[in-house]
Amino acid sequence: MRVDKWLWQARFFKTRSLSAKVVTGGHMRVNGTKISKASHSVAEGDVLTFPQARHIRVIKIVAMGERRGPAPEAQTLYEDLTPKEDPVPRGPGADGKGRPTKRDRRNLDLMRMSRLED
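Residues numbered from 1 in each chain as written. Predicted model: local features only at pLDDT ≥ 70, side-chain atom pairs only at ≥ 80, totals over all residues. Heavy atoms only, no water.

Colleague: Could you give me a rundown of the overall build of the protein, with the residues and numbers involved?
Modeller: The helix and strand inventory of the protein stands at 4 helices and 5 strands. Expected size for 118 residues packed as a compact globule is a radius of gyration near 13 Å; at 22 Å, the protein overshoots this value by more than 25%. Residues counted as buried form 27% of the 118 residues belonging to the protein. A fraction of 39% describes how many contacts in the protein between residues 6 or more apart in sequence connect residues 24 or more apart. Put simply, the protein shows about 8,700 Å² of open surface, and 52% of that area lies on carbon and sulfur atoms. Across the protein, the mean location of the 24 positive side-chain charges is 8 Å away from that of the 14 negative side-chain charges. (Helix = DSSP H or I, 4+ residues; strand = E, 2+ residues; numbered from the N terminus. Rg over C-alpha atoms; globule rule 2.2 N^0.38 Å. Buried < 20%, exposed > 50% of the residue type's maximum accessible area, 1.4 Å probe, protein only. Contact = heavy atoms within 4.5 Å. Areas by Shrake-Rupley, 256 points an atom, 1.4 Å probe, with all protein chains shown as cover. Lys, Arg positive; Asp, Glu negative; His and termini not counted. Charge placed at Lys NZ, Arg CZ, Asp CG, Glu CD.)

Colleague: Help me get a handle on a positive patch on the surface, residues and values and all.
Modeller: Together, Arg99, Lys102, Arg105 and Arg106 make up a positively charged patch on the protein surface. Within the fold, lysine 102 resides in helix α4 (residues 102–117). (Patch = residues over 30% accessible without salt bridge, like charges linked within 9 Å, V, L, I, M, F, W, Y side chains within 5 Å. Salt bridge = Lys/Arg side-chain N within 4 Å of Asp/Glu carboxyl O.)

Colleague: Account for the packing of aromatic side chains, with residues named and values stated.
Modeller: One pass over the full model with this rule turns up 4 aromatic pairs. With centroids separated by 5.9 Å and ring planes inclined at 50°, the aromatic side chains of phenylalanine 13 and phenylalanine 50 adopt a geometry described as tilted. With a gap of 37 residues between them, phenylalanine 13 in the loop between α1 (3–9) and α2 (16–24) and phenylalanine 50 in strand β3 (residues 47–52) connect regions that are remote in the sequence. One exposure class covers both phenylalanine 13 and phenylalanine 50, and it is buried. Here the aromatic cluster, defined as three or more aromatic residues joined through ring pairs, consists of Trp6, Phe12, Phe13, Phe50 and Tyr78. (Phe/Tyr/Trp six-rings, centres within 6.5 Å; stacked < 30°, edge-to-face > 60°.)

Colleague: Kindly report on the nonpolar core, identifying the contributing residues and their values.
Modeller: Formed by 18 residues in total, the largest nonpolar core has its most connected members in Val3, Trp6, Leu7, Phe12, Met28, Leu48 and Phe50. Broken down by secondary-structure element, the contributors of at least two residues to this core are α1, α2, β1 (28–30), β3 and β4 (55–61). Not counting the four nearest positions on each side in its chain, valine 3 is found in contact with Val23, Met28, Ile35, Lys37, Ala38, His40, Val42 and Leu48. (Core = buried A, V, L, I, M, F, W, Y, C linked by side-chain atoms within 4.5 Å.)

Colleague: Run through the sheet that holds β3, naming residues and quoting values.
Modeller: Spatial strand order, β2-β1-β3-β4-β5: 5 strands in an open sheet with antiparallel pairing. Here the strands that pair on one side only, and so sit at the sheet edges, are β2 (33–35) and β5 (78–80). Averaged over all pairs of adjacent strands, the angle between their axes in this sheet comes to 30°, without regard to strand direction. With 2 bridges joining them, β1 and β3 adopt antiparallel strand pairing. Within the sheet, the bridge partner assigned to arginine 29 lies in β3 and is threonine 49. (Pairing = 2+ DSSP bridges. Axes fitted to C-alpha atoms, helices over the stretch in contact; angles between N-to-C directions.)

Fair warning: the whole summary comes from geometry, so function is off the table for now.
See below:
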C-alpha cells in the first residue's frame, strides 16, 4: 500500500494530499531510510517516523486498512512507539497564579543578587 494512503487511512492526516505533502517534502522515514515519494509502498512491520504538529511520531504498522474508518478502527492499524516527553517545567513561583506580585519580584531580585555575590 502507498505510504500516503496508509497515513490517511490511519487518520494521522485529515486529507490524503496533506499526507503526501509530508512525504514529498522529505520529512518521512521508513525503517530509518528517508523517502521522498508518496508512492513508496509500506507493509506490516515497517516503522514510520514523521512530524505531526509539534511532535515527531514513531509508528509501527500492525495492519493494512481496508478503508478509512472511524478513529477506534484506525487505532488498531498501528502501534505508537513515540517516546513520552516529560512536561516542560514552569518557571519558579509561577504555579499558575499569573503575574508575579511585587513581593515575588523582590524575592527574585534578592535571589539573583545573592548568586552574583557568590
